Amino acid sequence: TGELTLLERTKLLDAQGKYIRAAAQRSQGDLAGAKVSLLQAQSELLDVRRGRIVSILWLRAQVLTELAQIADREGDKGQAEAYFAQAINVMETNYPASPALVSARAEFAGFLARNGREQEALELYREMVTGADTKPAFALRSLLAPYFDLLAETGGGNGVAEEMFVASQLLQRPGLAQTQAVLARELSGGSDEAAQLFR
């Protein structure tokens with residue numbers, strides 16, 4: 001409780017800097033360097049009030065997800081799964097129903113699909129799509145690609161086409177629909193001529 005001290009703010013900024021450095025290292029293929037930077041970032045985040053500062057919990061989850069991806073690429077599947085579980089737990093506890101939680105789950109489902117656990121991946125993808133309640137999530141396009149691949153591999157029976165359709169609705173750009181909804185609300189109390197023009 002209370003405001004952060006200067007030392008605490010400095011540690012959090014250092015942790016953010018290390019996270020950014022790790023992203024650059026990973027993009028250049030330096031997995032070992034990225035892992036060191038991420039572990040340092042994680043340590044600094046946890047050092048400030050045991051990592052419970054609400055404004056940086058999302059960063060903790062991102063660091064854990066990055067560590068999971070590196071562990072997966074290094075072949076340490078058990079450690080990767082543990083990191084994914086921690087990241088999802090942080091998001092579920094602090095940001096329930098958020099797009100960031102959906103992304104974390106999608107990352108984990110992709111991990112399951114890549115590692116021969118297709119049925120678990122399908123169940124998690126289905127849970128995510130159902131829970132999204134058709135709210136657009138265009139940023140999930142690349143994360144849901146393995147879901148469509150898994151559905152296609154099932155052979156098309158048992159409502160697969162319907163599942164693909166429902167999932168595809170999450171990937172539609174929402175801009176036009178949102179604009180139309182705003183205009184419809186604004187014109188609902190206006191003249192018949194304006195409503196006709198909108199239609």
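Residues numbered from 1 in each chain as written. Predicted model: local features only at pLDDT ≥ 70, side-chain atom pairs only at ≥ 80, totals over all residues. Heavy atoms only, no water.

Engineer: Please set out the nonpolar core residue by residue, giving values where relevant.
Structural biologist: One finds Leu 38, Leu 45, Val 63, Phe 108, Tyr 125, Leu 144 and Tyr 147 to be the most contacted residues of the largest nonpolar core, which totals 52 residues. Elements supplying a minimum of two residues to this core: α1 (6–27), α2 (31–47), α3 (57–73), α4 (77–94), α5 (99–114), α6 (118–132), α7 (141–153) and α8 (160–169). Here the element with the most residues in this core is α3; it accounts for 9 residues. Sequence-distant contacts of Leu 38, that is, excluding residues within four places in its chain, are made with Tyr 19, Ala 22, Val 63, Glu 66, Leu 67 and Ile 70. (Core = buried A, V, L, I, M, F, W, Y, C linked by side-chain atoms within 4.5 Å. Buried < 20%, exposed > 50% of the residue type's maximum accessible area, 1.4 Å probe, protein only. Helix = DSSP H or I, 4+ residues; strand = E, 2+ residues; numbered from the N terminus. Contact = heavy atoms within 4.5 Å.)

Engineer: Could you give me a rundown of the environment of Ala 23, with the residues and numbers involved?
Structural biologist: Inspection of the secondary structure assignment puts Ala 23 in helix α1. The class of Ala 23 is partly exposed, set by a relative accessible area of 33%.

Engineer: Pulling in residues and values, what's your account of the packing of α7 against α8?
Structural biologist: α8 packs onto α7 with a crossing angle of 170° between their chain directions and a minimal axis gap of 10 Å. Considering their axes alone, α7 and α8 lie roughly antiparallel with respect to each other. Here α7 and α8 pass one another in a crossing that is left-handed. Two secondary-structure elements touch here, α7 through Leu 144, Tyr 147, Phe 148, Leu 151 and Ala 152 and α8 through Val 160, Glu 163, Met 164, Ala 167 and Ser 168. Among the residues forming the contact of α7 with α8, the class breakdown is 8 nonpolar, 1 polar and 1 charged. (Axes fitted to C-alpha atoms, helices over the stretch in contact; angles between N-to-C directions. Parallel < 35°, antiparallel > 145°, perpendicular 65-115°, else oblique. Left-handed = near helix turned anticlockwise from the far one by under 90°. Nonpolar A, V, L, I, M, F, W, Y, C, P; charged D, E, K, R; others polar.)

Engineer: Describe α7, listing the residues and the values that go with them.
Structural biologist: Structurally, the α-helix is built with 3.6 residues per turn, so residues lying three or four positions apart point the same way. When the terminal C-alpha atoms of α7 are compared, their 19 Å separation across 13 residues agrees well with the 18 Å that a helix rising 1.5 Å per residue should span. Considered for burial, the residues of α7 that qualify are Leu 143, Leu 144, Tyr 147, Leu 150 and Leu 151. For α7, the angular spread of buried residues about the axis comes to 100°, placing them on one side. Every exposed residue of α7 that faces more than 90 degrees away from the buried side is listed here: Ser 142, Ala 152 and Glu 153. Backbone geometry just downstream of α7 places Gly 155 in the positive-phi region, at approximately 100°. (Expected span 1.5 Å × (residues − 1). Arc of directions from axis to C-beta.)

Engineer: Before we move on, could you go through the pattern of salt bridges and cite the residues and values that matter?
Structural biologist: Enumeration according to the criterion identifies 11 salt bridges in this entry. With a shortest N-O distance of 2.9 Å, Glu 8 and Arg 49 are connected by a salt bridge. Linking Glu 8 in helix α1 with Arg 49 in the loop between α2 and α3, this pair joins segments that are 41 residues apart in sequence. One salt bridge connects Arg 26 with Glu 66, and the closest N-O pair in it is separated by 2.7 Å. Of this pair, Arg 26 sits in helix α1 while Glu 66 is found in helix α3, placing the two residues 40 residues apart along the sequence. (Salt bridge = Lys/Arg side-chain N within 4 Å of Asp/Glu carboxyl O.)

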